[in-house]
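The primary structure of each chain is shown beneath.
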Amino acid sequence: MTKPPRKGSRMRKDAYFGTALGSMVHGDSLQVLEERFKPGSIDLIMTSPPFGLVRKKDYGNVDADKYVEWFRPFGELFKRLLKPEGSLVIDIGGSWIPGLPTRSLYHYELLIMLAKVCGFHLAEEFFW
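In short, a report on the structure. (Residues numbered from 1 in each chain as written. Predicted model: local features only at pLDDT ≥ 70, side-chain atom pairs only at ≥ 80, totals over all residues. Heavy atoms only, no water.)

A closer look at the overall build of the protein chain
- Within the protein chain, the regular secondary structure consists of 3 helices and 4 strands.
- Ordering the α and β elements of the protein chain from the N terminus gives β-β-α-β-α-β-α.
- When burial is assessed residue by residue, the protein chain has 27% of its 128 residues classed as buried.
- The contacts in the protein chain between residues at least 6 apart in sequence include a share of 53% that link residues at least 24 apart.
- With an accessible surface of roughly 9,700 Å², the protein chain has 58% of that area assigned to carbon and sulfur atoms. (Helix = DSSP H or I, 4+ residues; strand = E, 2+ residues; numbered from the N terminus. Buried < 20%, exposed > 50% of the residue type's maximum accessible area, 1.4 Å probe, protein only. Contact = heavy atoms within 4.5 Å. Areas by Shrake-Rupley, 256 points an atom, 1.4 Å probe, with all protein chains shown as cover.)

A closer look at a nonpolar patch on the surface
- Together, Tyr16, Phe17 and Met24 make up an exposed nonpolar region whose accessible area comes to about 330 Å².
- Within the secondary structure, Tyr16 is located in the segment before strand E1 (17–19).
- According to the relative accessible area criterion, Tyr16 is exposed, its value standing at 51%. (Patch = residues over 30% accessible without salt bridge, like charges linked within 9 Å, V, L, I, M, F, W, Y side chains within 5 Å. Salt bridge = Lys/Arg side-chain N within 4 Å of Asp/Glu carboxyl O.)

As for the layout of surface pockets
- Considered as a void within the structure, the second largest pocket measures approximately 650 Å³ in volume.
- What lines the second largest pocket is a set of 20 residues, and nearest its centre among them are Val25, Gly27, Ser29, Val32 and Leu33.
- At the level of elements, strand E2 (22–24), helix H1 (29–36) and helix H2 (67–81) are the ones that each hand at least two residues to the lining of the second largest pocket.
- Along the lines of polarity and charge, the residues of the lining of the second largest pocket split into 12 nonpolar, 5 polar and 3 charged. (1 Å grid on protein atoms, 1.4 Å probe; cavity = no way out; pocket = protein on both sides within 12 Å on 5 of 7 lines; lining within 4 Å. Points joined across faces, edges and corners; volume = space filled by probe spheres on them. Nonpolar A, V, L, I, M, F, W, Y, C, P; charged D, E, K, R; others polar.)

So, to be careful, I would describe these as geometric facts and stop short of saying anything about function.
Dropping the structure here:
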């Protein structure tokens, strides 16, 4: 059971959980983002979406070969919501081509789509 927010809390009445530092919302992320934020109002979007893997996971990941088209509405929405000087940071993992000792190129194809279709600029790639 969620406690009622403290006075001065940023929790909204439709939030799933909240503290004075912010809130968590349970829902379809495309719909929630579209409803809660105005175009050009966000400085930073940092996301770790489900990876496009060969094996299905319980959380319902999309296959690598369908991933770019699945992610496209997110990229278009992120571009609309970000300020012109805003940044998008994506933690995305790779996958392997079944039966081959070869990596999938889906995460590179995602970056190309984000640049060519959505208008993002690739600034840096980080490997951990």
